[in-house]
Amino acid sequence: MRAWVARSYGGPEVLALREVKLPQPGPGEVLIRVEATTVSSADRRIRALDLPAGMALMGRLALGLRRPRRAVLGVELTGRIAAVGAGVTRFAPGDAVIAFPGFRQGAHAEFAVMPAAGMVVARPACMSVETAAALGFGGTTARDYLRRARLREGERVLVIGASGTVGAALVQLAIAAGAIVSAVTSTGNVALVQGMGAAEVIDYTGRDYTAGPDRWDIVADAAAALSFRTALPILAEGGRYLAIAGGLGDLLARRRGSRRPIAGPAAERPDDLAALADLAARGLFRPPIDAVFPFDALPAAHARADTGRKRGSLVVLLESPSR
Ligand SMILES: NC(=O)c1ccc[n+]([C@@H]2O[C@H](COP(=O)([O-])OP(=O)(O)OC[C@H]3O[C@@H](n4cnc5c(N)ncnc54)[C@H](OP(=O)(O)O)[C@@H]3O)[C@@H](O)[C@H]2O)c1
(Lines give C-alpha, C1' and ligand atoms only; values in the text may rest on other atoms or scores of the structure.)
Protein backbone atom coordinates (compact mmCIF):
# COMPACT_ATOMS: atom_id res chain seq x y z
CA MET A 1 0.00 0.00 0.00
CA ARG A 2 1.02 3.64 -0.31
CA ALA A 3 1.73 5.74 2.77
CA TRP A 4 3.22 9.14 3.50
CA VAL A 5 6.37 8.63 5.56
CA ALA A 6 8.14 11.32 7.60
CA ARG A 7 11.85 10.64 6.98
CA SER A 8 13.06 13.16 9.59
CA TYR A 9 11.81 16.17 11.52
CA GLY A 10 11.45 19.27 9.34
CA GLY A 11 9.24 21.03 6.79
CA PRO A 12 6.66 19.35 4.55
CA GLU A 13 9.53 18.28 2.24
CA VAL A 14 10.55 15.56 4.72
CA LEU A 15 7.39 13.67 3.73
CA ALA A 16 7.75 10.97 1.06
CA LEU A 17 5.06 8.83 -0.57
CA ARG A 18 6.32 5.25 -0.21
CA GLU A 19 5.17 1.73 -0.94
CA VAL A 20 5.00 0.00 2.47
CA LYS A 21 3.84 -3.42 3.65
CA LEU A 22 0.06 -3.84 3.91
CA PRO A 23 -0.67 -4.36 7.62
CA GLN A 24 -2.65 -7.45 8.64
CA PRO A 25 -5.30 -7.38 11.38
CA GLY A 26 -4.38 -9.57 14.35
CA PRO A 27 -6.91 -11.10 16.78
CA GLY A 28 -9.41 -8.43 17.87
CA GLU A 29 -8.28 -5.98 15.17
CA VAL A 30 -9.79 -4.60 11.97
CA LEU A 31 -8.12 -3.50 8.74
CA ILE A 32 -9.67 -0.28 7.40
CA ARG A 33 -9.36 0.96 3.81
CA VAL A 34 -8.96 4.69 4.34
CA GLU A 35 -11.32 6.95 2.34
CA ALA A 36 -10.41 10.25 4.00
CA THR A 37 -8.08 11.56 6.70
CA THR A 38 -6.90 14.97 7.89
CA VAL A 39 -3.66 16.85 8.40
CA SER A 40 -4.10 18.16 11.94
CA SER A 41 -2.14 20.55 14.13
CA ALA A 42 -0.78 17.41 15.87
CA ASP A 43 0.59 16.06 12.56
CA ARG A 44 2.41 19.31 11.86
CA ARG A 45 3.69 19.59 15.43
CA ILE A 46 5.15 16.04 15.23
CA ARG A 47 6.54 16.47 11.70
CA ALA A 48 8.23 19.78 12.60
CA LEU A 49 8.99 18.80 16.23
CA ASP A 50 7.37 22.15 16.99
CA LEU A 51 6.14 21.60 20.53
CA PRO A 52 4.74 23.92 23.22
CA ALA A 53 7.24 25.78 25.41
CA GLY A 54 9.32 23.51 27.67
CA MET A 55 8.19 20.28 25.97
CA ALA A 56 11.06 19.74 23.47
CA LEU A 57 13.03 17.14 25.46
CA MET A 58 9.95 15.25 26.64
CA GLY A 59 8.67 15.41 23.05
CA ARG A 60 11.79 13.82 21.56
CA LEU A 61 11.71 11.04 24.15
CA ALA A 62 8.04 10.34 23.42
CA LEU A 63 8.06 10.83 19.63
CA GLY A 64 11.56 9.75 18.55
CA LEU A 65 15.02 11.24 19.10
CA ARG A 66 16.03 12.02 15.49
CA ARG A 67 12.87 11.37 13.50
CA PRO A 68 9.28 10.42 14.26
CA ARG A 69 9.36 6.87 15.62
CA ARG A 70 5.97 6.29 14.01
CA ALA A 71 6.87 7.39 10.51
CA VAL A 72 3.31 7.35 9.15
CA LEU A 73 1.50 10.29 10.74
CA GLY A 74 -2.26 10.91 10.82
CA VAL A 75 -4.54 10.78 13.85
CA GLU A 76 -8.04 10.44 12.38
CA LEU A 77 -9.73 8.77 9.42
CA THR A 78 -12.88 7.40 7.91
CA GLY A 79 -13.13 4.41 5.62
CA ARG A 80 -14.50 0.91 5.17
CA ILE A 81 -13.61 -2.31 6.92
CA ALA A 82 -11.45 -4.35 4.53
CA ALA A 83 -10.84 -7.38 6.79
CA VAL A 84 -11.38 -8.43 10.38
CA GLY A 85 -9.08 -10.41 12.67
CA ALA A 86 -10.01 -13.47 14.73
CA GLY A 87 -12.78 -12.90 17.25
CA VAL A 88 -14.12 -9.65 15.78
CA THR A 89 -17.92 -9.64 15.64
CA ARG A 90 -18.60 -5.89 15.98
CA PHE A 91 -17.66 -5.08 12.37
CA ALA A 92 -17.77 -6.88 9.02
CA PRO A 93 -16.00 -6.19 5.71
CA GLY A 94 -17.69 -3.31 3.88
CA ASP A 95 -18.89 -1.48 7.03
CA ALA A 96 -18.34 2.29 6.90
CA VAL A 97 -16.49 3.49 10.02
CA ILE A 98 -14.92 6.51 11.66
CA ALA A 99 -11.63 5.80 13.46
CA PHE A 100 -9.30 7.78 15.64
CA PRO A 101 -5.82 6.23 15.83
CA GLY A 102 -4.82 9.26 17.93
CA PHE A 103 -1.39 8.88 19.46
CA ARG A 104 -0.78 5.53 17.66
CA GLN A 105 -1.16 7.46 14.35
CA GLY A 106 -0.88 5.84 10.90
CA ALA A 107 -3.90 7.42 9.15
CA HIS A 108 -1.86 8.89 6.26
CA ALA A 109 -1.92 5.59 4.40
CA GLU A 110 -4.24 3.59 2.17
CA PHE A 111 -4.99 1.12 4.99
CA ALA A 112 -4.83 1.24 8.79
CA VAL A 113 -5.20 -1.40 11.50
CA MET A 114 -7.18 -0.58 14.66
CA PRO A 115 -8.35 -2.57 17.70
CA ALA A 116 -12.04 -3.29 17.01
CA ALA A 117 -12.91 -2.42 20.62
CA GLY A 118 -10.94 0.84 20.44
CA MET A 119 -11.59 4.19 18.79
CA VAL A 120 -13.70 2.83 15.90
CA VAL A 121 -17.41 3.58 15.46
CA ALA A 122 -19.95 3.12 12.68
CA ARG A 123 -20.25 6.05 10.24
CA PRO A 124 -23.83 7.33 10.04
CA ALA A 125 -25.22 6.82 6.53
CA CYS A 126 -26.09 10.51 6.16
CA MET A 127 -22.56 11.72 6.88
CA SER A 128 -20.07 12.88 4.22
CA VAL A 129 -16.58 11.37 4.32
CA GLU A 130 -15.18 14.89 4.74
CA THR A 131 -17.19 15.47 7.94
CA ALA A 132 -16.52 11.94 9.21
CA ALA A 133 -12.76 12.37 8.76
CA ALA A 134 -12.79 15.69 10.65
CA LEU A 135 -14.89 14.70 13.71
CA GLY A 136 -12.33 13.14 15.99
CA PHE A 137 -9.39 15.42 16.66
CA GLY A 138 -11.13 18.63 17.68
CA GLY A 139 -14.16 16.80 19.01
CA THR A 140 -12.42 14.40 21.40
CA THR A 141 -10.16 17.18 22.67
CA ALA A 142 -13.11 19.51 23.32
CA ARG A 143 -15.19 16.79 25.00
CA ASP A 144 -12.36 15.72 27.28
CA TYR A 145 -11.48 19.26 28.37
CA LEU A 146 -15.13 20.28 28.94
CA ARG A 147 -15.65 17.09 30.97
CA ARG A 148 -12.56 17.76 33.11
CA ALA A 149 -13.79 21.33 33.61
CA ARG A 150 -17.18 19.93 34.75
CA LEU A 151 -19.03 22.37 32.50
CA ARG A 152 -22.54 23.06 33.80
CA GLU A 153 -25.56 24.34 31.90
CA GLY A 154 -25.79 28.13 31.89
CA GLU A 155 -22.07 28.72 32.57
CA ARG A 156 -20.21 31.39 30.63
CA VAL A 157 -17.41 29.99 28.43
CA LEU A 158 -14.77 31.99 26.55
CA VAL A 159 -13.22 30.06 23.62
CA ILE A 160 -9.92 31.47 22.32
CA GLY A 161 -8.94 30.24 18.84
CA ALA A 162 -12.56 29.57 17.85
CA SER A 163 -11.88 29.19 14.12
CA GLY A 164 -9.39 26.35 14.61
CA THR A 165 -10.29 22.66 14.68
CA VAL A 166 -10.31 22.42 18.48
CA GLY A 167 -11.84 25.87 19.03
CA ALA A 168 -14.73 25.21 16.63
CA ALA A 169 -15.49 21.97 18.47
CA LEU A 170 -15.31 23.73 21.85
CA VAL A 171 -17.76 26.42 20.70
CA GLN A 172 -20.30 23.95 19.33
CA LEU A 173 -20.05 21.32 22.08
CA ALA A 174 -20.24 23.93 24.86
CA ILE A 175 -23.37 25.40 23.23
CA ALA A 176 -24.86 21.89 22.87
CA ALA A 177 -24.22 21.42 26.63
CA GLY A 178 -26.16 24.61 27.43
CA ALA A 179 -23.27 27.04 27.94
CA ILE A 180 -23.29 30.72 26.94
CA VAL A 181 -20.29 31.02 24.65
CA SER A 182 -18.11 34.02 23.82
CA ALA A 183 -15.73 33.17 20.97
CA VAL A 184 -12.44 34.91 20.22
CA THR A 185 -11.22 35.03 16.64
CA SER A 186 -9.66 37.38 14.06
CA THR A 187 -11.59 39.71 11.74
CA GLY A 188 -11.68 37.40 8.72
CA ASN A 189 -13.19 34.54 10.77
CA VAL A 190 -15.94 36.48 12.60
CA ALA A 191 -18.71 35.35 10.20
CA LEU A 192 -17.57 31.69 10.38
CA VAL A 193 -17.68 31.71 14.17
CA GLN A 194 -21.00 33.58 14.31
CA GLY A 195 -22.40 30.78 12.16
CA MET A 196 -21.55 28.29 14.93
CA GLY A 197 -24.07 30.02 17.21
CA ALA A 198 -21.79 31.77 19.71
CA ALA A 199 -23.68 34.30 21.85
CA GLU A 200 -20.85 36.80 21.35
CA VAL A 201 -17.92 36.92 18.90
CA ILE A 202 -14.88 38.94 19.95
CA ASP A 203 -12.43 40.10 17.25
CA TYR A 204 -9.13 40.00 19.11
CA THR A 205 -7.54 42.42 16.63
CA GLY A 206 -9.91 45.17 17.83
CA ARG A 207 -10.70 44.37 21.48
CA ASP A 208 -8.58 43.37 24.45
CA TYR A 209 -10.92 40.92 26.18
CA THR A 210 -8.43 40.53 29.04
CA ALA A 211 -8.88 44.18 30.04
CA GLY A 212 -12.28 43.56 31.69
CA PRO A 213 -14.91 44.00 32.88
CA ASP A 214 -16.22 40.60 31.62
CA ARG A 215 -15.42 37.37 33.50
CA TRP A 216 -16.02 33.77 32.46
CA ASP A 217 -16.55 30.49 34.33
CA ILE A 218 -14.34 28.71 31.81
CA VAL A 219 -11.61 30.19 29.61
CA ALA A 220 -10.82 27.54 26.98
CA ASP A 221 -7.57 28.60 25.31
CA ALA A 222 -6.83 26.67 22.08
CA ALA A 223 -4.33 29.27 20.85
CA ALA A 224 -1.92 29.57 23.81
CA ALA A 225 -2.91 33.25 23.78
CA LEU A 226 -2.95 33.40 27.60
CA SER A 227 -1.59 31.42 30.55
CA PHE A 228 -3.32 30.54 33.85
CA ARG A 229 -1.66 33.62 35.39
CA THR A 230 -2.73 36.05 32.66
CA ALA A 231 -6.22 34.50 32.51
CA LEU A 232 -6.83 34.96 36.27
CA PRO A 233 -8.31 38.48 35.99
CA ILE A 234 -11.03 37.25 33.61
CA LEU A 235 -11.88 34.04 35.53
CA ALA A 236 -15.01 34.20 37.69
CA GLU A 237 -15.11 32.67 41.20
CA GLY A 238 -14.63 28.91 40.73
CA GLY A 239 -13.31 29.56 37.21
CA ARG A 240 -11.29 27.06 35.17
CA TYR A 241 -8.56 27.87 32.63
CA LEU A 242 -8.18 25.17 29.94
CA ALA A 243 -4.55 25.28 28.74
CA ILE A 244 -5.28 23.16 25.67
CA ALA A 245 -2.24 24.39 23.74
CA GLY A 246 -0.23 25.01 26.89
CA GLY A 247 3.38 24.15 27.65
CA LEU A 248 5.24 22.92 30.70
CA GLY A 249 4.38 26.06 32.72
CA ASP A 250 0.66 25.32 32.39
CA LEU A 251 1.18 21.67 33.33
CA LEU A 252 2.95 22.74 36.52
CA ALA A 253 0.57 25.61 37.39
CA ARG A 254 -1.28 25.28 40.72
CA ARG A 255 -4.80 26.44 41.61
CA ARG A 256 -5.22 29.97 43.00
CA GLY A 257 -8.04 30.06 45.52
CA SER A 258 -11.21 28.85 43.82
CA ARG A 259 -9.71 29.16 40.32
CA ARG A 260 -7.81 26.26 38.73
CA PRO A 261 -5.86 25.36 35.58
CA ILE A 262 -6.51 22.22 33.51
CA ALA A 263 -3.78 21.05 31.10
CA GLY A 264 -2.22 18.02 29.45
CA PRO A 265 -3.04 15.60 26.64
CA ALA A 266 -6.71 14.90 26.01
CA ALA A 267 -7.97 11.38 26.72
CA GLU A 268 -8.93 9.08 23.84
CA ARG A 269 -12.28 7.45 24.67
CA PRO A 270 -14.40 5.38 22.26
CA ASP A 271 -17.60 6.69 23.90
CA ASP A 272 -16.55 10.24 22.96
CA LEU A 273 -16.12 9.26 19.30
CA ALA A 274 -19.57 7.61 19.33
CA ALA A 275 -21.10 10.69 20.97
CA LEU A 276 -19.51 12.97 18.36
CA ALA A 277 -20.85 10.88 15.48
CA ASP A 278 -24.29 11.08 17.07
CA LEU A 279 -24.10 14.86 17.63
CA ALA A 280 -22.92 15.38 14.04
CA ALA A 281 -25.68 13.16 12.66
CA ARG A 282 -28.20 15.32 14.58
CA GLY A 283 -26.68 18.54 13.20
CA LEU A 284 -25.39 19.70 16.60
CA PHE A 285 -21.72 19.47 15.62
CA ARG A 286 -20.37 20.50 12.21
CA PRO A 287 -16.58 20.52 12.01
CA PRO A 288 -15.62 23.36 9.64
CA ILE A 289 -13.45 22.30 6.69
CA ASP A 290 -10.77 24.68 5.52
CA ALA A 291 -9.80 22.79 2.36
CA VAL A 292 -9.80 19.34 0.76
CA PHE A 293 -6.64 17.85 -0.78
CA PRO A 294 -6.04 14.71 -2.86
CA PHE A 295 -3.81 12.09 -1.19
CA ASP A 296 -0.92 12.87 -3.56
CA ALA A 297 -0.95 16.51 -2.37
CA LEU A 298 -0.82 15.76 1.38
CA PRO A 299 2.37 17.84 1.89
CA ALA A 300 0.41 20.90 0.65
CA ALA A 301 -2.01 20.35 3.53
CA HIS A 302 0.98 20.34 5.92
CA ALA A 303 2.13 23.64 4.40
CA ARG A 304 -1.34 25.10 5.02
CA ALA A 305 -1.31 23.81 8.62
CA ASP A 306 2.10 25.43 9.11
CA THR A 307 0.54 28.88 8.58
CA GLY A 308 -1.29 28.53 11.93
CA ARG A 309 -4.26 30.21 10.24
CA LYS A 310 -6.36 27.31 8.99
CA ARG A 311 -10.12 27.53 9.51
CA GLY A 312 -11.15 24.14 10.84
CA SER A 313 -9.83 20.94 9.33
CA LEU A 314 -7.68 20.05 6.33
CA VAL A 315 -9.23 16.95 4.79
CA VAL A 316 -7.26 14.56 2.56
CA LEU A 317 -9.28 12.32 0.23
CA LEU A 318 -8.06 8.96 -0.98
CA GLU A 319 -9.35 7.38 -4.15
CA SER A 320 -11.88 4.77 -3.30
CA PRO A 321 -14.17 2.50 -5.28
CA SER A 322 -17.12 3.44 -3.03
CA ARG A 323 -17.00 7.13 -3.96
N1 LIG B 1 -3.96 19.11 24.83
C2 LIG B 1 -4.30 18.34 23.81
O3 LIG B 1 -4.52 17.11 23.95
C4 LIG B 1 -4.46 18.95 22.45
C5 LIG B 1 -5.25 18.30 21.50
C6 LIG B 1 -5.44 18.91 20.26
C7 LIG B 1 -4.82 20.12 19.99
N8 LIG B 1 -4.03 20.71 20.91
C9 LIG B 1 -3.37 22.00 20.64
O10 LIG B 1 -4.41 22.97 20.52
C11 LIG B 1 -4.01 23.99 19.64
C12 LIG B 1 -5.11 24.25 18.63
O13 LIG B 1 -5.23 23.14 17.78
P14 LIG B 1 -6.09 23.25 16.44
O15 LIG B 1 -6.00 21.94 15.80
O16 LIG B 1 -7.40 23.82 16.73
O17 LIG B 1 -5.22 24.32 15.63
P18 LIG B 1 -5.63 25.14 14.32
O19 LIG B 1 -6.77 24.46 13.66
O20 LIG B 1 -4.38 25.37 13.58
O21 LIG B 1 -6.21 26.52 14.85
C22 LIG B 1 -5.46 27.48 15.44
C23 LIG B 1 -6.37 28.72 15.51
O24 LIG B 1 -5.83 29.60 16.44
C25 LIG B 1 -6.23 30.89 16.07
N26 LIG B 1 -5.32 31.85 16.71
C27 LIG B 1 -4.00 32.01 16.51
N28 LIG B 1 -3.55 32.98 17.34
C29 LIG B 1 -4.63 33.42 18.05
C30 LIG B 1 -4.80 34.40 19.07
N31 LIG B 1 -3.78 35.14 19.51
N32 LIG B 1 -6.02 34.58 19.58
C33 LIG B 1 -7.06 33.85 19.17
N34 LIG B 1 -6.96 32.92 18.21
C35 LIG B 1 -5.75 32.71 17.66
C36 LIG B 1 -6.19 30.92 14.57
O37 LIG B 1 -7.26 31.72 14.11
P38 LIG B 1 -7.03 33.22 13.53
O39 LIG B 1 -6.42 33.03 12.17
O40 LIG B 1 -8.42 33.78 13.51
O41 LIG B 1 -6.13 33.90 14.51
C42 LIG B 1 -6.46 29.45 14.21
O43 LIG B 1 -7.77 29.27 13.72
C44 LIG B 1 -2.67 23.53 19.02
O45 LIG B 1 -1.63 24.17 19.69
C46 LIG B 1 -2.64 22.04 19.32
O47 LIG B 1 -1.31 21.56 19.43
C48 LIG B 1 -3.83 20.15 22.14
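Everything in this summary refers to the structure shown in the same document. (Residues numbered from 1 in each chain as written. Predicted model: local features only at pLDDT ≥ 70, side-chain atom pairs only at ≥ 80, totals over all residues. Heavy atoms only, no water.)

1. As for the site of the ligand
Part 1 of the argument: Not every one of the 25 residues close to the ligand is listed here, only the nearest: R45, S186, Y204, R309 and K310.
Part 2 of the argument: Here an oxygen atom of the ligand sits 2.8 Å away from a polar atom, N or O, in the main chain of A266.
Part 3 of the argument: Contacts to the ligand include K310, whose side-chain N or O atom sits 2.7 Å from an oxygen atom.
Part 4 of the argument: Coverage of the ligand by the protein amounts to 85% of the 920 Å² it exposes when considered alone.
Part 5 of the argument: Sorting the residues of the shell around the ligand by element identifies α1 (41-48), α4 (136-148) and α5 (165-176) as the ones contributing at least two each.
Part 6 of the argument: A per-element tally of the shell around the ligand places α4 first, with three residues. (Near = heavy atom within 4 Å. Polar contact = N/O pair within 3.5 Å; in protein donor to acceptor, adjacent residues only side chain to side chain. Areas by Shrake-Rupley, 256 points an atom, 1.4 Å probe, with all protein chains shown as cover. Helix = DSSP H or I, 4+ residues; strand = E, 2+ residues; numbered from the N terminus.)

2. Re the side chain of H108
Part 1 of the argument: When you line up the elements, H108 lands in the loop between β5 (96-99) and β6 (111-115).
Part 2 of the argument: Its relative accessible area of 1% is what places H108 among the buried residues.
Part 3 of the argument: A distance of 2.7 Å separates the side chain of H108 from the backbone oxygen of T38, its partner in a polar contact.
Part 4 of the argument: If near-sequence neighbours (up to four positions away) are discounted, H108 is found in contact with A3, W4, T37, T38, V39, D43, V72, L73, G74, F295, L298 and H302. (Buried < 20%, exposed > 50% of the residue type's maximum accessible area, 1.4 Å probe, protein only. Contact = heavy atoms within 4.5 Å.)

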